Amino acid sequence: DGTSKCKWSKDSKNQEPSVHTKWDWKPKNQKILPDILAAIGNTPMVKLNKIPQSEGVECEIFGKCEFMNPAGSIKDRVALRCITEAENNGTLKPGGTVIEVSSGNTGVSLAWVCAIKGYHSIIVMPDKFSKEKENIIRSMGGDVVRVSMAEKKYSPNGMFGMAHVLHKNTPNSIIIDQFSNPSNPIMHYDTTAEEIFDQCDGKIDMMVMGCGTGGTLGGISRKFQELSPQTIFIGADPYGSTYAIPDSLNQSKVKMFEIEGIGYNELTPPVCDRFKVQKWYKFHDKDSLNMSRRLIKEEGLLVGTTSGLLLACALKAIKEFNIGKGKRVVILLPDGTKNYLSKFVQDQWMEQRGYMPCKNPGNLGWWDI
Ligand code: PMP
């Protein structure tokens, strides 16, 4: 009859048996995994509902929930592949130290794999990236060296220069170098791209991606060239970054952006196939971060900063490319809300930067006096 009766507890004498609707759904019972590394990948693909509807979008938009990887981001895949390859080719030896430059997620994932496999990790993190990611790395036994974004990248105090200084001074150490390490795009070619293709039964009309190292863009677009060459690739880039093509799109007064993980200036990573993208779009922090907040609030997807940028971009591209009813668009949701508890998640942080109307003007803080 669509209902089932149950007593909440045997000794609740005063309680009437409560009536519930019939409940057929149960969580999938996974067999025992050998370790937590085996839980990487096979992340859910989730249909967005409220946002596309309220934006008048008729096609379907799906989000690939990479924030549901065990250490919290798409970079778990890359960290496992890079470390395994380094073990296999003999560069990473027992008791070794893994050094890497990261906006934080690769750092977290590497520190995590190192903790499990018994290596030490040192992560070089530019100052703009969140304290939350630093704290997670430290909790897993990794070291974090902060560098200034204002430093030249290859100077001894800059992000890449510092990694080389640390490497020189640390015996038995390797630098992963995700910006040029082929294991980065290859892992997405082998796993992320195939999962997306299978989950959507091979029907994907548009993919929207950004570029940090370009590993996801490189790996997924190459696999799609083989599996689904008709899929349109769209690129999302923050103002202040110089990844978009043509370069005229990058002209802007913006020097610093709050999006973490997508976009750099004066950097062209070798693994990044920027020419695979049919059209690039640029976005300001305000639009991207408000869209991340909408993903959290309206879709219940606990995402980080880049997911909002990618969705804002998807909504624009869907309109410009006339992607209508019956078509399917996929965006990545690369990392999660908990990386940003001290940042865009808080109303006051958004208000202080003018990204949200101020609800309580008396509450802005000393800098507004
Ligand atoms: N989003 C987030 C949150 C990231 O940390 C990264 C990686 N820096 C990306 C997107 C972009 O991934 P990729 O390095 O593969 O370009």
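Residues numbered from 1 in each chain as written. Predicted model: local features only at pLDDT ≥ 70, side-chain atom pairs only at ≥ 80, totals over all residues.

### Quick word on the pairing of strand 12 (residues 328–332)
Formally: We call a residue exposed when 12 or fewer other C-beta atoms sit within 10 Å of its C-beta, buried when the count reaches 20 or more, and partly exposed for counts in between; the C-beta positions come from the backbone. The numbering of helices and of strands both runs from the N terminus, where a helix is a DSSP run of H or I of at least 4 residues and a strand a run of E of at least 2. By the convention used here, strands pair only if DSSP detects at least 2 bridges between them.
In terms of residue burial, strand 12 counts as a mostly covered element, since 4 of its 5 residues are buried. Sheet topology note: the strand 4 (residues 60–64)/strand 12 ladder contains 5 bridges and is parallel. Each residue of the ladder has a partner; that of Ile61, found in strand 12, is Val329. Bridge count between strand 9 (residues 206–210) and strand 12: 3 bridges; the pairing is parallel. Residue pairing for strand 12: Met207 is matched across the bridge by Val330.

### What about the sheet that holds strand 9?
Going by this rule: A fitted line through C-alpha atoms represents every axis, and for helices the fit uses only the stretch in contact; the resulting angles, taken between N-to-C directions, go from 0 to 180 degrees. What counts as a contact here is a pair of residues whose C-beta atoms, placed from the backbone, lie within 7 Å.
An order of 3-4-12-9-10-11 is seen for the 6 strands of this open sheet, with the pairing classed as mixed. What marks the edges here is a single partner per strand, and that holds for strand 3 (45–47) and strand 11 (279–283). Each neighbouring strand pair of the sheet contributes to a mean axis angle of 25°, computed without reference to strand direction. Pairing of strand 3 with strand 4, which is carried by 3 bridges, proceeds in the antiparallel orientation. If you follow Val46 over to strand 4, its bridge partner there is Gly63. The sheet contacts of helix 7 (residues 215–227) involve strand 9, strand 10 (232–238) and strand 12, and relative to strand 9 the element is tilted by about 160°. Each of strand 4, strand 9, strand 10, strand 11 and strand 12 touches helix 9 (residues 305–320); the most contacted strand, strand 9, lies at about 140° to it.

### Considering the site of the ligand
Here is the rule: The criterion for a residue being near a molecule or strand is a backbone-placed C-beta atom within 6 Å of that molecule or strand. Polar here means any residue other than Ala, Val, Leu, Ile, Met, Phe, Trp, Tyr, Cys and Pro, which are nonpolar, and Asp, Glu, Lys and Arg, which are charged; Gly is therefore polar.
Residues in contact with the ligand amount to 18 residues; listed here are only the nearest, Gly212, Thr213, Gly215, Gly261 and Pro334. Per element, the largest residue contribution to the shell around the ligand is 3 residues, and it comes from helix 7. Here the residues of the shell around the ligand sort into 4 nonpolar, 12 polar and 2 charged.

### With respect to the sheet that holds strand 5 (residues 97–101)
Taken together, 4 strands build an open sheet; the order of strands is 7-6-5-8 and the sheet is parallel. In this open sheet, the two strands that pair with only one neighbour each are strand 7 (143–147) and strand 8 (173–175). Taking the axes of each pair of neighbouring strands and ignoring which way they run, one obtains an average angle of 20° across the sheet. Across 3 bridges, the pairing between strand 5 and strand 8 is parallel. If you follow Ile99 over to strand 8, its bridge partner there is Ile175.

### Concerning the environment of Ser121
Turning to its location among the elements, Ser121 is positioned in strand 6 (residues 120–126). We classify Ser121 as buried; it has 28 C-beta atoms within 10 Å. Residues Ser121 and Asp143, 22 residues apart in the sequence, show an inter-C-alpha distance of 6.2 Å.

### Some remarks on unusual backbone geometry
With an omega of 0°, the peptide bond between Ile245 and Pro246 qualifies as cis. Among the structural elements, Pro246 can be located in the loop between strand 10 and strand 11. One non-glycine residue with positive phi stands out, namely Asp177, at about 50°. Mapping Asp177 onto the fold places it in the loop between strand 8 and helix 6 (183–199). Look at Asp177 and you get partly exposed, because 19 C-beta atoms sit within 10 Å.

### Overview of the confidence of the model for the protein
Let me state the cut-off plainly: The predictor attaches a confidence to each residue, and that confidence, scored 0 to 100, is pLDDT.
Of all residues in the protein, 92% attain a pLDDT of 70 or more, and the chain-wide mean is 93. Overall fold confidence (pTM) sits at 0.93, and the ipTM for the predicted complex is 0.99.

### A word on helix 4 (residues 131–139)
Owing to its 3.6 residues per turn, the α-helix brings residues three or four apart onto one side. Here is the rule: The directions considered for the arc run from the helix axis to the C-beta atoms.
For helix 4, the full list of buried residues reads Glu132, Lys133, Ile136 and Ile137. For helix 4, the angular spread of buried residues about the axis comes to 135°, placing them on one side. Away from its buried face, by an angle of more than 90 degrees, helix 4 presents the exposed residues Asn135 and Ser139. Contacts from the buried residues of helix 4 go to helix 3 (105–117), strand 6 and strand 7. The first or second residue beyond helix 4 is Gly141, which carries a positive phi of 95°.

### A few points about the pairing of strand 6
Rules: Think of it like this: strands point away, you trace from the first strand over the helix to the second, and a clockwise trace means the crossover is right-handed.
With respect to burial, strand 6 is a largely interior element, 6 of its 7 residues being buried. Read as a crossover between parallel neighbours, the route from strand 5 over helix 3 to strand 6 is right-handed. Across 5 bridges, strand 6 lies against strand 7 in parallel orientation. Its bridge partner being in strand 7, Val124 is matched across the sheet by Val145. Taken together, strand 6, helix 4 and strand 7 form a β-α-β motif whose crossover is right-handed.

### A look at the nonpolar core
Note on soluble globular proteins: their nonpolar side chains tend to be buried together. Rules: We define a nonpolar core as a collection of buried residues of the types Ala, Val, Leu, Ile, Met, Phe, Trp, Tyr and Cys that are connected via C-beta atoms lying within 7 Å of each other.
In terms of nonpolar packing, the biggest core is built from 85 residues, with Val208, Leu310, Cys313, Ala314, Val329 and Ile331 touching the most fellow members. Broken down by element, the residue count for this core peaks at 9 residues, all from helix 9. Ignoring any residue separated from it by four or fewer positions in sequence, one finds Cys313 in contact with Val208, Ile234, Ala236, Tyr281 and Phe283. Grouped together as the second largest cluster of nonpolar side chains are 5 residues, Leu289, Tyr340, Phe344 and Met350 included.

### Quick look at the environment of Asn265
On the secondary structure map, Asn265 appears in the loop between strand 10 and strand 11. As a C-alpha pair, Asn265 and Phe129 span 136 residues in sequence and 15 Å in three-dimensional space. With sequence-adjacent residues up to four places away left out, Asn265 is seen in contact with Gly240, Ser241 and Thr242.

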